[in-house]
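Okay, here's what each chain looks like letter by letter:
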Amino acid sequence: MAQRGIQMDQEKLCCSICLDLLKDPVTIPCGHSYCMSCIKSHWDVEDHKKIHSCPQCRQLLIPRPALVKNTMLADLVEELKKTGLQPAPADHRYAVPEDVACDVCTGRKLKALKSCLQCLVSYCEQHLQLHYESPAFGKHKLVEPSKTFQENVCTRHNEVMKMFCRTDQKFICYLCSLEEHKGHDTVSSAAEQTKRQEKLGVLRQKIQQRMQDKEKDVKLLQKEVETITDSANETVRNSEQIFAGLVYLIENKSSEVKQQIRFQQKTEVSRVKELQMKLEQEISELRRKDTELEKLSHEQDNTQLKYPPLPCLSESTDLPSSSTNPPRYFEDVTAAVTEAVDKLQDVLIEEWIKISHTLTSVDVLLPQAEPKTRDEFLKYSHKITLDPNTANQQLQLSEGNRKAKNKRKKQSCSSHPGRFINRSQVLSQESLTGRHYWEVEWSGLGVHVAVAYKDISRKGDKSQFGNNDKSWALDCSDVNYEFSHDGICTSVSGPESSRVGVYLDHRVGVLCFYSISETMTLLHRVQTTFTQPLYAGLRTYGFLGFGSSAEFCEPKD
């Protein structure tokens, strides 16, 4: 009996929100007690309504009551804790603030099992039995418990909104359909729900189909990743073997040169030492003879009738004439090796440019879409300048090498192998790979706006932009447009404009020319494969002193 009393005390000292022993207990005006933090959180949620209520009895509390700790309850809770007993397990049949509570229950309310759209009331399992047992409630529609189901009631007629006005796209009640919505396209809520479900079904099918397509794309990309990785690994292995072979070849040649130098060193040293030994023998012989002569020179006996014969000098050994010059020995070998290394380095640098271009041109499975709006084009805008070393002598460059004008008198300039000889053309300093967009403003008789490979011919008819397989050009004049490549010309129609836009996607081989005015109009599109970096090009016309000009200008927003 005592244990049962303790159990009952525990239930009384539990917060109906957190279902745990009260912490800093407070008692609100209606008499119910809660943890201070629990009731504060509950009222914080209701602050936007400016009306606060008791979570148990739903009594409205205006204004929001001030909370003061109930010391007596706090002492009781502490005494209960000292007994060492734990709180009774929470009874999950009762509603907490986030649950929908039964509107019929008094005191501590149970969780609602269903809400009735006809009664506009939520019922727990016990109070719902009448709806199941009495024929009078047979036509009532029960739905999942909801705190907002009363929003389905027309505020004007206090009727359940069982109809939908497609004209105004809103739910209405039957009386609304006879009054302000009279003559509108109205259907039952069930019919609208069915139609919407059908649309949702179709939309879901599209979404699921798109998901399947994207999943296929993901698998393709994953396969592409594996292919790229395998290809890269194989290429690394191959390149390592090739470079290892090159290193071996260089080391082998280095060893051969070293052996030849050492052999020649040995030969030359042997020759010099042989000559040195011969000279030393000759010196020794001369010293001996010098000693004999010295002894004779000191002879004092003049009574001798005969002098001893004088020693004879053998033929002298002379050094080669080359030995009198400053020694050079193997300097020519060093020079030859240096020259060979310089040539090899030049070849490697030239080939490395091709290798780097090949690496940057590795394609992926899903290329990016081409720009469609001007803002998208301007994302790829780049500043381009002209290379004076490629400018024909008829061209005068200005505006920081961004403008070219055809002049009657040839310009004074140095000789350079990259200069165009027979056509008033010029290439950009910058090489173009990846995505680029630029615009050209022109005036006069006409211009060629072009792109070309760096190794385009510099003289003759084949050097003209568009007249070879190394350049693509749009001929702009007051009469018409004409596109040319590899000597084939194509007439192009479009609005006349003194400004031309060029879009290049080097990786995917797309080149587009646009007429620029208030709008961008596509004049011509090229789809090909670019095998080298491209350079922007300009060609201007000149006739009887009248010259055209063209300038890389800043694109306008």
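Quick look at the structure, then. (Residues numbered from 1 in each chain as written. Predicted model: local features only at pLDDT ≥ 70, side-chain atom pairs only at ≥ 80, totals over all residues. Heavy atoms only, no water.)

**Let's talk about the sheet that holds strand β22 (residues 534–540)**
- Read across the sheet, six strands follow the order β13-β22-β15-β16-β17-β18 without closing on themselves; strand pairing throughout is antiparallel. The sheet is open, and its two edges are formed by β13 (425–432) and β18 (488–492), each paired on a single side. For this sheet, the mean inter-axis angle between neighbouring strands, taken without regard to orientation, is 20°.
- By the bridge criterion, five bridges tie strand β17 (residues 481–485) to β18 in an arrangement that is antiparallel. Bridging from a neighbouring strand, E482 pairs with S491 of β18. (Pairing = 2+ DSSP bridges. Helix = DSSP H or I, 4+ residues; strand = E, 2+ residues; numbered from the N terminus. Axes fitted to C-alpha atoms, helices over the stretch in contact; angles between N-to-C directions.)

**Quick word on the environment of R64**
- In this fold, R64 is placed in the loop between β4 (60–61) and α3 (71–82).
- Setting aside its immediate chain neighbours within four residues, R64 contacts K40, W43, D44, D47 and H52.
- In this structure the side chain of R64 is engaged in a polar contact, spanning 3.1 Å, whose partner is the side chain of D44.
- Here the side chain of R64 touches D47 through a polar contact of 3.1 Å, side chain to side chain. (Contact = heavy atoms within 4.5 Å. Polar contact = N/O pair within 3.5 Å; in protein donor to acceptor, adjacent residues only side chain to side chain.)

**A closer look at the layout of surface pockets**
- By volume, the largest pocket amounts to about 710 Å³.
- Forming the walls of the largest pocket are 23 residues, and the residues nearest its centre are E46, K49, S53, R58 and K147.
- Taken together, the residues of the lining of the largest pocket break down into seven nonpolar, seven polar and nine charged. (1 Å grid on protein atoms, 1.4 Å probe; cavity = no way out; pocket = protein on both sides within 12 Å on 5 of 7 lines; lining within 4 Å. Points joined across faces, edges and corners; volume = space filled by probe spheres on them. Nonpolar A, V, L, I, M, F, W, Y, C, P; charged D, E, K, R; others polar.)

**Points about the packing of aromatic side chains**
- One pass over the full model with this rule turns up nine aromatic pairs.
- On the basis of an interplanar angle of 80° and a centroid distance of 5.6 Å, the ring pair of Y453 and W472 is categorised as edge-to-face. You can see Y453 sitting in strand β15 (residues 446–453) and its partner W472 sitting in strand β16 (residues 471–477), a full 19 residues away along the chain.
- W472 sits in the buried class, given a relative accessible area of 4%. (Phe/Tyr/Trp six-rings, centres within 6.5 Å; stacked < 30°, edge-to-face > 60°. Buried < 20%, exposed > 50% of the residue type's maximum accessible area, 1.4 Å probe, protein only.)

**A closer look at the sheet that holds strand β10 (residues 186–188)**
- Judged by pairing direction, the sheet is antiparallel, and its three strands sit side by side in the order β9-β8-β10 without closing on themselves. Each end of this open sheet is capped by a strand with a single partner; those strands are β9 (170–172) and β10. Each strand axis lies, on average, 35° off the axis of its neighbour in the sheet, ignoring direction.
- As paired elements, strand β8 (residues 163–165) and β9 share three bridges and run antiparallel to each other. Within the sheet, the bridge partner assigned to C165 lies in β9 and is K170.

**Quick word on empty space enclosed by the protein**
- All told, the structure shown has one cavity of 30 Å³ or more when counted by the stated rule.
- Within this model, the largest cavity holds a volume of roughly 110 Å³.
- Lining the largest cavity, in full, are S16, P55, Q56, R58, A95, V96, P97, A101, R108 and K109.
- Looking at the lining of the largest cavity residue by residue, the class counts come to five nonpolar, two polar and three charged.

**Let's talk about unusual backbone geometry**
- Cis geometry is adopted by the peptide bond preceding P63, which originates at I62 and carries an omega value of -5°.
- By the secondary structure assignment, P63 is in the loop between β4 and α3.
- Here N401, not a glycine, exhibits a phi torsion of approximately 60°, which is positive.
- You can see N401 is positioned in the loop between β11 (395–398) and β12 (403–406).

**Some thoughts on the pattern of salt bridges**
- Enumeration over the complete set of coordinates arrives at 23 salt bridges.
- D47 is paired through a salt bridge with R64; the nearest N and O atoms lie 3.1 Å apart. In this pair, D47 is assigned in the loop between α2 (36–46) and β3 (52–53) and R64 in the loop between β4 and α3, connecting sequence segments 17 residues apart.
- According to the relative accessible area criterion, D47 is partly exposed, its value standing at 33%. (Salt bridge = Lys/Arg side-chain N within 4 Å of Asp/Glu carboxyl O.)

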